[in-house]
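# Commentary on secondary and tertiary structure
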Amino acid sequence: MPLNQDISLEYRTILEWVRPESVVLDLGCGDGELLSQLVQAKNVRGQGIEIDEQAIYQCVAKGISVFHEDIDNGLPEYGDKSFDYVILSQSFQQVRKPDEVLKEALRVGRQVIISFPNFSHYSARYHISIKGKAPVTLSLPYEWYDTPNTHFLSISDFIQYCRKRNIQIEKAVYIENDRPIRILPNLFASVGLFLITKEQGGKHTSGK
Amino acid sequence: MTPTNPSPSVDSDIKQGSRRNPEVSKQTSSVGSIETQYIEFAHYPDEFILENGDKLGPITVAYETYGKLNPQRTNAILLLHALSGDAHAAGFHKGDEKPGWWDEMIGPGKGFDTDKYFVICSNVLGGCKGTTGPSSINPKTGKHYGFDFPVISISDMVKVQKHLIDHLKIDQLLSVAGGSMGGMQALEWIAAYPDKVKSAMVIASATRHSPQQIAFNEVGRQAIMADPHWRGGHYYGGHLPAKGLSVARMIGHITYMSETSMAEKFGRRHGQNGKPHKFSNGFEVEEYLHNRGDNFIKRFDPNTYLYITKAIDTFDVSRGKPLYDVFKGIKTKILVIAFKSDWLYPASQSREIVRACKVAGIDTTYCEVDSTYGHDAFLLEVEEETHLVKHFLRKASA
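All of the points below concern the structure found in this document. (Residues numbered from 1 in each chain as written. Chains lettered and ligands numbered in written order. Predicted model: local features only at pLDDT ≥ 70, side-chain atom pairs only at ≥ 80, totals over all residues.)

### Description of the overall build of chain A
- Along its length, chain A carries 7 helices and 8 strands.
- Expressed as lengths along the three principal axes of its C-alpha atoms, the size of chain A is roughly 50 × 40 × 35 Å.
- Counting all 208 residues of chain A, 41% fall into the buried class.
- Considering only residue pairs separated by 6 or more positions, chain A has 60% of its internal contacts joining residues 24 or more positions apart. (Helix = DSSP H or I, 4+ residues; strand = E, 2+ residues; numbered from the N terminus. Buried ≥ 20, exposed ≤ 12 C-beta atoms within 10 Å, placed from the backbone. Contact = placed C-beta atoms within 7 Å.)

As structure tokens, then:
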């Protein structure tokens, strides 16, 4: 199936990255749209985890298998490398313990695909430094008193974090207005999208 | 053997508060007039061997079917009823005004769409609505079995259902589905006959009873056995232990509701027919419980209550192993549904099933419906269940 031009650059990139017939876990899969496209385009075996009840009904209507639960508690049962890919598409900044969740995602998945809104985008910087207000931007559309986001990080923060945790960034795409950003992404990209892995150095912890 | 007490459907009173499914038009969606059918098997000397080693035979199974079996025989769904249910899941018996116990879910265009699927429901072994149970006649004595009826298990119920499915020449069921005790049977189907079930729906259920759940059942059983009319289970032909069964049913109804649903349904209002006396205030909730309890004897056998609650309490699908070992290698697709306000079968028990499915790598969907109806929700949240069941079955059929 040809990749649809109408879908976002983020989804198109993920669809390119994921190998056909692979096994995919989507953490915070929302209405199941990404998994549904992965099933159609790449014939993956997909499983979602999602906390919102209405989103569960939408997943089920698309034929997506989904667990109604919190990402923060969703992974301990899975054995190491149970999935080819674990996806955290715009859900990473919403979990309670991102460090724990990513560690678990890298344990149960061979590779992790992760995206998040870039908190140091120039429009966010403008909100903070000039207006003196918490940023409300295209990729961070929520008011401070009503936001699902619990952690705010920049593209640079994430790259530095990966270095600190010995996580390899295999691919990265920086996105602004559905176009790729190649120059100064930490300033001009509103979303960072990464394909990461972790070599565990033979130290495998059991998932059961 | 025929049902001794043909009577209105299960918990029709509760259903008045149920949410209608807007997608379905009431007039056109009934399966219409339905008759219960019967098969008989396990005649001497080929009697049925129960899980505990006892023999039982012959066995009559009461069942109903809705919709048509396709020529490939691949569209059959077996529905599994709860404690007080029966084979009459949908449509109307002649002369009845009330339809079967899950009528809102079964019919053309409904969750279990009878335009697409062949839906089967049978009364469980040990029941009192047409399938052999303690109120049936023991061929050896010519009298009701009573307390001479052997102890049965959920696994025995499922084996009897398997016999019915074989009789109907169905090699593999598209799905098995049930709530509460019905969910336990669905789990037992997956564990015992994984190749015979393409998919399974486990609703408001558990892999095994917790001490709290056993405790409530034990109080119910003690209430029945404390009734002087129970007479060691041999009360047939005389006074029935109606008060004992009534108290058991009252306890049951308390556990089926939530604090919120009780507050919404009754508040502290006084009923119309309440007869206040020194220790009863005529509160609506009291009247409701008396009513539900007193009417239960008209359609349910006290001994069946004892046998079936015992079967529920002793059930443990894990068979002493980690549950994921039982589920390992199973290809059955599973849908697990729990309800947030259900404290009798709390969502944590459904999540236990889900955890095992994760480890075993089973294709599973889990939904925790935000309902205030408590355990009754599995009969009442028709809109949500219709959506989940309909799409799950479409996926299972693919």
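### Things to note about the interface of chain B and chain A
- Contacts between chain B and chain A engage 16 residues on the former and 13 residues on the latter.
- The residue inventory of the side of chain B that touches chain A, partitioned by class, reads 6 nonpolar, 4 polar and 6 charged. (Nonpolar A, V, L, I, M, F, W, Y, C, P; charged D, E, K, R; others polar.)

### Quick notes on the pairing of strand β4 (residues 83-89) of chain A
Residue and element names in this part refer to chain A.
- The element β4 is largely enclosed, with a buried count of 6 among its 7 residues.
- Of the pairings in the sheet, the one linking strand β1 (residues 23-27) to β4 comprises 3 bridges and is parallel in character. Its bridge partner being in β4, Leu25 is matched across the sheet by Val86.
- Bridge count between β4 and strand β5 (residues 109-117): 6 bridges; the pairing is parallel. Bridge pairing in β5 places Leu88 opposite Ile114.
- Traced from β4 through helix α4 (residues 98-108) to β5, the parallel crossover comes out right-handed. (Pairing = 2+ DSSP bridges. Right-handed = clockwise from strand over helix to strand, strands pointing away.)

### Focus on the pairing of strand β8 (residues 191-197) of chain A
Residue and element names in this part refer to chain A.
- Of all the 7 residues making up β8, 5 are buried; the element is thus mostly covered by neighbouring parts of the structure.
- Sheet topology note: the β5/β8 ladder contains 6 bridges and is antiparallel. By the bridge assignment, Ser115 is partnered in β8 with Leu193.
- Here strand β6 (residues 168-176) runs beside β8; their pairing, made up of 7 bridges, is antiparallel. Note on β8: the bridge partner recorded for Gln168 is Thr197.

### A short note on α4 of chain A
- The buried count for α4 of chain A comes to 8 of 11 residues, which makes it a mostly enclosed element.
- Listed in full, the buried residues belonging to α4 of chain A are Pro98, Val101, Leu102, Glu104, Ala105, Leu106, Arg107 and Val108 of chain A.

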